[in-house]
Amino acid sequence: DDLPDVAITFDQNFLVKTANSACDRILGVPPDQFIGQSMTEFGSQFEGENPFDIGPTTRPYETEASLTKSDGTSVRLLINYTVTSGTPLLTIRDKTVQYLSEKLISDEKARCDGLLASILPPKLVGRVQNGEKNISFAVQSASILFLDIVEFTPWCGSLPASTVMKTLNRLFKEYDQLLPKYPQLMRMKCIGDCYMAACGIFSEFNNPAVHAKEMVEFGMDCIRMLRVVNEDLGQKLQIRVGVATGGPIVAGVLGTTKPTFESFGPTINLAHEMEHHGVPMKVH
């Protein structure tokens, strides 16, 4: 009776013979109310499947289940069933605090994983999480895009900060939503009003004709999307889009506390120059 966990014994019909005082504290039911009762019937109060729906058996089992007590308190319980000296014995432990702590840790890990996945390519997240320090590789060929707002500095200086950020957030959000349309394409980074994307870096089969076409079409989609955003927000923005295809390109993760995915090579510089000398509202 002094055990901190619930301890219940049964007869051959799975009716309660004895129950200790922990029943009141953990299950919210005084032990004398359990005597002669069916645990299968009591198990119907649990969320999800009935943890006592097995009936009398000689096979031990362990499971977890959630129960909302009569006072409205929800508890997470570890249920252990065994047969000792021919007597079925059920022990129930309150794991609510441990369960909530584990859930908090799990939610926080998922949030961190999501944040890391928004910074790094999905294929590299696992390697970073595993503690790999030097992540680098070479790509035979890739297509790089740079996209920039024309006359951004005077436009930015003539408007409130909230309007500038609202417009950029909307614009980059729309560009990001175009990415799933092109399976080989990924956003590299945003630097101020500059949007950089790459295509073909993680392709299983590197085909320049394919990733070059995808990148040019993405650039054209971005121009069309800008016209929609301009109409919605009452702006008259224009962008320059520059694309270059070539290689080799060296790519990898730089930094450990604040990792970023970077790429280097003449093609990167050429794509930036194509954007810089391009015609507004055209893909150069």
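What you see is a predicted model; the values in this text were computed from it and never measured.

Participant: Could you clarify how one ought to interpret the state of the cysteines in this entry?
Facilitator: A covalent bond bridging the sulfur atoms of two cysteines is what the word disulfide describes. This model, assessed by the stated rule, comprises 0 disulfides. Looking at cysteine 190, it has no disulfide partner, and the nearest cysteine sulfur is the one in cysteine 194, 8.1 Å off. Residue classification places cysteine 190 among the partly exposed positions, given a relative accessible area of 31%.

Participant: When you look at the sheet that holds strand S1 (residues 6-10) in this model, what are you seeing that I'm missing?
Facilitator: Each strand in a sheet pairs with its neighbour through backbone hydrogen bonds, running either in the same direction (parallel) or in the opposite one (antiparallel). Reading across the sheet, the 5 strands line up as S2-S1-S5-S4-S3 and stay open at both edges, with antiparallel pairing between neighbours. Bordering the open sheet on either side are strand S2 (16-19) and strand S3 (61-68), each of which pairs with just one other strand. In this sheet, adjacent strand axes meet at a mean angle of 25 degrees when their direction is disregarded. Here S1 pairs with S2 via 3 bridges, running antiparallel. Residue pairing for S2: isoleucine 8 is matched across the bridge by alanine 19.

Participant: I'm lost on the pairing of strand S10 (residues 239-246) in this one. Help?
Facilitator: Regular strands have side chains that alternate between both faces of the sheet. Taken across its 8 residues, S10 has 7 buried, putting it largely inside the fold. The pairing of strand S7 (residues 142-149) with S10 spans 8 bridges and is classified as antiparallel. Following the sheet pairing, isoleucine 144 is matched in S10 by alanine 244.

Participant: Please clarify how the side chain of glutamate 262 should be interpreted in this entry.
Facilitator: On the secondary structure map, glutamate 262 appears in strand S12 (residues 260-264). Under the relative-accessibility criterion, glutamate 262 is labelled buried at 16%. A polar contact of 2.5 Å, which involves the side chain of glutamate 262, links it to the side chain of lysine 189. Engagement of the side chain of glutamate 262 in a polar contact is seen with the side chain of threonine 260, the distance being 3.1 Å. Look past the residues within four positions of glutamate 262 in its chain and what remains in contact with it is Met188, Lys189, Val250, Ala251, Gly252 and Leu254.

Participant: Can you help me understand the packing of aromatic side chains in this one?
Facilitator: How two aromatic rings sit relative to each other is set out by the distance from centre to centre and by the angle between their planes. All told, the structure shown has 12 aromatic pairs when counted by the stated rule. A centroid spacing of 5.0 Å and a plane angle of 80 degrees characterise the contact between phenylalanine 34 and phenylalanine 42, whose relative ring orientation is edge-to-face. When its relative accessible area of 3% is taken as the criterion, phenylalanine 34 is described as buried. Their ring planes at 35 degrees and their centres at 6.4 Å tell us that tyrosine 195 and phenylalanine 218 sit as a pair that is tilted. Within this pair, whereas tyrosine 195 is found in strand S9 (residues 194-199), its partner phenylalanine 218 is found in helix H7 (residues 208-233), the two being separated by 23 residues in sequence. The exposure classification of tyrosine 195 matches that of phenylalanine 218, with both residues buried.

Participant: Even after reading the chapter, I still don't get a nonpolar patch on the surface, so can you show me in this structure?
Facilitator: On the surface, Val250, Leu254 and Phe264 cluster together to form a nonpolar patch covering roughly 270 Å² of accessible area. Taking relative accessible area as the criterion, phenylalanine 264 reaches 45% and is therefore assigned partly exposed.

Participant: Help me understand the confidence of the model for the protein, please; the structure alone is not making it clear to me.
Facilitator: Confidence along the protein averages 88 in pLDDT terms, with 98% of residues attaining 70 or more. Confidence, read as mean pLDDT per element, is least for helix H4 (residues 122-129) in the protein (79) and greatest for S10 (96).

Participant: Looking at this model, I keep getting lost on the nonpolar core. Mind explaining?
Facilitator: Soluble globular proteins tend to bury their nonpolar side chains together. Residues Tyr175, Phe218 and Ile239 are the most contacted members of the largest nonpolar core, which totals 29 residues. Listed by contribution, the elements that provide at least two residues to this core are S7, helix H5 (152-157), helix H6 (161-178), S9, H7 and S10. Examining the composition of this core, we find that 7 residues originate from one element, H7, more than from any other. Counting residues in each nonpolar core, the second largest holds 24 residues, with Val16, Ile26, Met39 and Tyr61 among its members.

Participant: How should I be thinking about the pattern of salt bridges in this particular structure?
Facilitator: Side chains bearing opposite charge may pair, as long as their charged atoms lie close to each other. Enumeration according to the criterion identifies 13 salt bridges in this entry. Two residues, arginine 93 and aspartate 5, come together in a salt bridge whose shortest N-O distance is 2.8 Å. Here aspartate 5 lies in the segment before S1 and arginine 93 lies in strand S5 (residues 87-94), a separation of 88 residues in the sequence. Assessed through its relative accessible area of 45%, arginine 93 is described here as partly exposed. Judged by relative accessible area, aspartate 5 falls into the buried class, the value being 16%. For arginine 76, the salt bridge goes to glutamate 64, with nearest N and O atoms at 3.3 Å. Of this pair, arginine 76 sits in strand S4 (residues 74-84) while glutamate 64 sits in strand S3, placing them 12 residues apart in sequence.

Basis of the calculations
- Residues numbered from 1 in each chain as written.
- Predicted model: local features only at pLDDT ≥ 70, side-chain atom pairs only at ≥ 80, totals over all residues.
- Heavy atoms only, no water.
- Disulfide = S-S within 2.5 Å.
- Buried < 20%, exposed > 50% of the residue type's maximum accessible area, 1.4 Å probe, protein only.
- Pairing = 2+ DSSP bridges.
- Helix = DSSP H or I, 4+ residues; strand = E, 2+ residues; numbered from the N terminus.
- Axes fitted to C-alpha atoms, helices over the stretch in contact; angles between N-to-C directions.
- Polar contact = N/O pair within 3.5 Å; in protein donor to acceptor, adjacent residues only side chain to side chain.
- Contact = heavy atoms within 4.5 Å.
- Phe/Tyr/Trp six-rings, centres within 6.5 Å; stacked < 30°, edge-to-face > 60°.
- Patch = residues over 30% accessible without salt bridge, like charges linked within 9 Å, V, L, I, M, F, W, Y side chains within 5 Å.
- Areas by Shrake-Rupley, 256 points an atom, 1.4 Å probe, with all protein chains shown as cover.
- Salt bridge = Lys/Arg side-chain N within 4 Å of Asp/Glu carboxyl O.
- pLDDT = per-residue confidence, 0-100.
- Core = buried A, V, L, I, M, F, W, Y, C linked by side-chain atoms within 4.5 Å.

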